[in-house]
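Chains, contacts and geometry: an overview
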Amino acid sequence: MSSDNIRIIDLPKIIDDRGNLSFFEGENQIPFQIKRCYWIYDVPGGETRGGHAYYNNKELIIALSGSFDVVVDNGIEKKTYSLNRSYYGLYIPNGLWRHLENFSTNSLALIVASEEYNESDYIRNYEQYIELKK
Ligand code: TYD
């Protein structure tokens, strides 16, 4: 499992008096071929989402609205990425444990994924994850 190259991707931002516009297309901005998008919304205060890792799936996470934190754990250390701009995407390679927390009211998390949904691609047990990282 790779655990390198987690990074914030600065998406194009077309500034306009009528309202700003950002985008991604093909593999020009995102380091994988997009197979799926999903979004998380209406998160009650204090809730967390997504405590797991993937064997193969890579993701780009964008705070389209509001803000939230993405906590990434490589088995040795944890790092928190605070997302609060719709033109920043957090790229997370496969093989990293992550969860989302600290959602602001009306926040909207867009997740762009490299794989179709497949439950067997999930590592949902943290102890198993730590064993795999050894
Ligand atoms: P899950 O990934 O476990 O959410 P989280 O990690 O944020 O808690 O997904 C929750 C449920 O939604 C699970 O039953 C599977 C389903 N689901 C899909 O059917 N397709 C998808 O693309 C995703 C992300 C989830």
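Residues numbered from 1 in each chain as written. Predicted model: local features only at pLDDT ≥ 70, side-chain atom pairs only at ≥ 80, totals over all residues. Heavy atoms only, no water.

Of the regular secondary structure elements, the chain holds 1 helix and 12 strands. Ordered by position from the N terminus, the helices and strands of the chain form the series β-β-β-β-β-β-β-β-β-β-β-β-α. Taken over the C-alpha trace, the chain has a radius of gyration of 15 Å; the compact-globule value for 134 residues is 14 Å, and the two agree within 12%. Principal-axis analysis of the C-alpha atoms places the extent of the chain at approximately 50 × 35 × 25 Å. The buried share of the chain, reckoned over its 134 residues, is 37%. Mean positive and mean negative side-chain charge positions of the chain (14 and 19 charges, respectively) differ by 2 Å. (Helix = DSSP H or I, 4+ residues; strand = E, 2+ residues; numbered from the N terminus. Rg over C-alpha atoms; globule rule 2.2 N^0.38 Å. Buried < 20%, exposed > 50% of the residue type's maximum accessible area, 1.4 Å probe, protein only. Lys, Arg positive; Asp, Glu negative; His and termini not counted. Charge placed at Lys NZ, Arg CZ, Asp CG, Glu CD.)

What follows concerns the sheet that holds strand S9 (residues 88-92). By way of backbone hydrogen bonds, the strands of a sheet pair with one another, either parallel or antiparallel. One open sheet accounts for 5 strands, arranged S1-S9-S6-S11-S4; its pairing is antiparallel. Because the sheet does not close on itself, it has two edges, and the strands there are strand S1 (7-10) and strand S4 (36-40). In this sheet, adjacent strand axes meet at a mean angle of 25° when their direction is disregarded. When strand S6 (residues 59-65) meets strand S11 (residues 108-113), the two strands line up antiparallel, connected through 6 bridges. (Pairing = 2+ DSSP bridges. Axes fitted to C-alpha atoms, helices over the stretch in contact; angles between N-to-C directions.)

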